[in-house]
Amino acid sequence: MQDFGDAFALAFGLVVNADADLLEIVALSLKVSLSAVAIACLIGLPLGAAVGMGRFRGRTAVIILLNALMGLPPVVVGLLIYLLLSNAGPLGWLRLLYTPTAMIVAQAVLITPIVAALSREIIEQLHAEYDEQFRSLSVARHAAVAALLWDARYSLLTVALAGFGRAVAEVGAVIIVGGNIDHLTRVMTTAIALETSKGDLALALALGIVLIVIALSVNAGVMAMRLTAARFAYA
Amino acid sequence: MHEAALKQRPGQGTYAVESAERQVRAPRGAARGLAYEVGGSRLIHGIDLDLPSDTFTVVLGPNGAGKSLLLRLMHGLLQPTAGQVSWDGRRLDKALRLRQAMVFQRPVLLRRSVAANIRFVLGLRHVRRPGRVHDVLREVGLEAQANQPARLLSGGEQQRLSLARALVLDPEVLFLDEPTASLDPASTAAIETIVKRAHERGTKIVFVTHDLGQARRLADDVVFLNRGQLAEHSRAAQFFDHPASQAARDYLEGRLILRHT
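Bear in mind the structure is a predicted one, so any value in this text is a computation, not a measurement. (Residues numbered from 1 in each chain as written. Chains lettered and ligands numbered in written order. Predicted model: local features only at pLDDT ≥ 70, side-chain atom pairs only at ≥ 80, totals over all residues.)

**Let's talk about the overall build of chain A**
- On a plain count of helices and strands, chain A comes out with 10 helices and zero strands.
- Of the regular secondary structure in chain A, the N- to C-terminal order runs α-α-α-α-α-α-α-α-α-α.
- Expressed along its principal axes, the backbone C-alpha trace of chain A runs to roughly 70 × 50 × 25 Å.
- Here chain A holds 235 residues, and the buried ones make up 40% of them.
- Long-range pairs, those at least 24 residues apart, make up 79% of the contacts in chain A between residues at least 6 apart in sequence. (Helix = DSSP H or I, 4+ residues; strand = E, 2+ residues; numbered from the N terminus. Buried ≥ 20, exposed ≤ 12 C-beta atoms within 10 Å, placed from the backbone. Contact = placed C-beta atoms within 7 Å.)

Here it is, written out as structure tokens:
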């Protein structure tokens, strides 16, 4: 067990010297989480827009479901994806278990409800504002969706960043479906868990520092975007 | 009162305009047995109304009279509970609505630049007229603000942009729901000038206002509503000098209307 101060010194050394193992883990983490965010946005934004603009039977139930799914336990999602992708599972033939793709799928499943639920709320508010004007202009449905998504772009980007924050900090699901395999599926959170259990606090702390820097950067990005949007009255 | 009794203008709705492409021919509007109710409460009571094609119609009435509802029913934003709306004898449908436009009391502007708000409307109709954005912004005095965010404009400028967006497609009918309600006198005058110019080009105007001075300045004919009923429809001079209904007399004299017409 290392001394706390030594661990910090070693961690900063790894970060400053751009340690190869550290960079590999960080790169894989970013690749997995950014891919998951992209998939979640592709599904979640149109879904949020459809629910936000639509008036259909069972809409309230869909909204309740989306809101409830925002709190999905990662380990449960990991377990379900594991069962689907394991050799005995219905999608076992894809041979995706213990690959970065499986981790992307797990994170996408976790954050798609977040993107859909938050974008639903944003689109619904904007739609209420534009609705009468759009009906007066006879704006077609697809044009209205496109216009709402574009006009809400700053708020929706904030949603995407919130999804990214959740994805990159997630550990339960990716450790189940990824297996935390060195040089293959090891990401920051799973590596921190492993190195801490091994007593190698330097690498765990170094990864923790990177994770915190990413979290701070994401929040700074969100704040900068909000300020920019407010300055131009686009928010 | 019917169209024949209203002020006649040469051309009966076909106007000589700035250029051939800006020519607008307004249709005649009609409502028959128009009624609207919400939750069992009837807000518009069986209105029969003829709107001449070539007049500047002002809709007056106390709060809650149904002026905005009538506008929305005539434009097709609301479906009547009973009765129907037609323009030139044809029942109001989507194709007819595409030839109409509406300006609301509170401008609803897209979160984009001034020019992009105009381009959005042109894009909806697949209109590719180079210079049209520039022309319409010049017409409403917003040429210099073309690249500014629309929502940073002043209230009067926002309403002028809203008007420009309505006028850019040369609508046959333009509905305005208290467009100057929260504007200062200069902005009000600017809006009135733009609307009058559109009317001179042939656009049928249906204008809701609470401002009696404005109604006197603009109206050819006045539709007066009271408690969801058509109390009076007459030439402006006749309405203001010799209102036929007690409700209109009370309204013009600033008295609270306490009874049905």
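**Observations regarding unusual backbone geometry**
- Despite not being glycine, Y98(A) shows a phi value in the positive range, around 65°.
- As for its placement among the helices and strands, Y98(A) is situated in the loop between α4 (74-85) and α5 (100-136).
- By C-beta crowding, Y98(A) is classed as partly exposed, having 19 other C-beta atoms within 10 Å.
- The phi dihedral of D88(B) is positive, around 55°, even though this residue is not glycine.
- Position of D88(B) among the secondary structure elements: in the loop between β4 (82-87) and β5 (90-91).
- D88(B) sits in the partly exposed class, given 14 other C-beta atoms within 10 Å.

**Observations regarding the packing of helix α7 (residues 153-168) of chain A against helix α10 (residues 201-231) of chain A**
All names here are of chain A.
- For the pair α7 and α10, the least separation of the axes is 10 Å and the interaxial angle reads 175°. Between α7 and α10, the interaxial angle falls into the category roughly antiparallel. On the side of α7, the interface is formed by Y154, L157, T158, L161, F164, G165 and V168, while α10 contributes I214, A215, V218, G221, V222, M225, R226 and A229.
- Grouping the constituent residues of the contact of α7 with α10 by class yields 11 nonpolar, three polar and one charged. (Axes fitted to C-alpha atoms, helices over the stretch in contact; angles between N-to-C directions. Parallel < 35°, antiparallel > 145°, perpendicular 65-115°, else oblique. Nonpolar A, V, L, I, M, F, W, Y, C, P; charged D, E, K, R; others polar.)

**Some words on helix α1 (residues 67-75) of chain B**
- For α1(B), the buried fraction is high: eight of the nine residues fall into the buried class.
- Of all the positions in α1(B), only K67(B), L69(B), L70(B), L71(B), R72(B), L73(B), M74(B) and H75(B) are classed as buried.

**Looking at the interface of chain B and chain A**
- Facing 18 residues of chain B, the contacting portion of chain A comprises 15 residues.
- When residues of the side of chain B that touches chain A are traced back to their parent elements, those giving at least two are α2 (94-97), β6 (100-103) and α3 (114-124) of chain B.
- If you tally residues by element for the side of chain B that touches chain A, the top one is α3(B), at three residues.
- Residues belonging to the side of chain B that touches chain A are distributed by class as follows: 12 nonpolar, one polar and five charged.

**Regarding α10(A)**
All names here are of chain A.
- A rise of 1.5 Å per residue sets the reference length of α10, with its 31 residues, at 45 Å; its end C-alpha atoms lie 44 Å apart and thus fit the reference within 8%.
- Turning to α10, its buried residues are L201, L203, A204, L205, A206, L207 and V210.
- Each element contacted by the buried residues of α10 is listed here: α1 (4-16), α2 (20-53) and α9 (188-198).
- Downstream of α10 by one or two residues, A233 has phi in the positive range, about 55°. (Expected span 1.5 Å × (residues − 1).)

**Some details on the pairing of strand β10 (residues 229-235) of chain B**
Residues and elements named next belong to chain B.
- Taking burial as the measure, the seven residues of β10 include five buried ones, the bulk of the element.
- Note: strand β9 (residues 221-226) against β10, six bridges, orientation antiparallel. Its bridge partner being in β10, V222 is matched across the sheet by S234.
- Connecting β9 to the next strand, β10, in antiparallel fashion are two residues, including R227 with a positive phi near 50°. (Pairing = 2+ DSSP bridges.)

**What to know about the confidence of the model for chain B**
Residue and element names in this part refer to chain B.
- Residues at a pLDDT of 70 or more form 89% of chain B, whose mean pLDDT is 89.
- Here residues 1-21 scores under 50 on pLDDT; set against residues more than four positions off or in separate chains, the count is 34 contacts.
- Taken together, the chains of this predicted complex give a pTM of 0.82 and an interface ipTM of 0.85. (pLDDT = per-residue confidence, 0-100.)

**A word on the environment of P171(B)**
All names here are of chain B.
- Turning to its location among the elements, P171 is positioned in the loop between α5 (155-167) and β7 (173-177).
- In this structure P171 comes out as buried when scored by C-beta crowding, with 21 C-beta atoms within 10 Å.
- Considered as a pair, P171 and A116 are 55 residues apart in the sequence and their alpha carbons are 19 Å apart.
- Apart from the residues lying within four places of it in its own chain, the contact partners of P171 are R99, Q100, A101, A166 and T203.

**Structural notes on the sheet that holds β4(B)**
Residues and elements named next belong to chain B.
- Pairing in this open sheet of four strands is antiparallel, and the strands run β2-β1-β4-β5 from one edge to the other. Strands at the two margins of the open sheet, each flanked by one partner only, are β2 (41-51) and β5.
- Sheet analysis places strand β1 (residues 29-38) next to β2, joined by seven bridges and oriented antiparallel. The residue bridging E37 from the neighbouring strand is R42, located in β2.

**Focus on the nonpolar core**
- Counting residues in each nonpolar core, the largest one holds 139 residues, and the members touching the most others are A106(A), V115(A), V177(A), L207(A), V59(B) and A164(B).
- Looking at which element gives the most residues to this core, the answer is α5(A), with 19 residues.
- Contacts of V177(A), omitting those with residues within four sequence positions, involve G78(A), I81(A), Y82(A), L85(A), L97(A), A102(A), M103(A) and A106(A). (Core = buried A, V, L, I, M, F, W, Y, C linked by C-beta atoms within 7 Å.)

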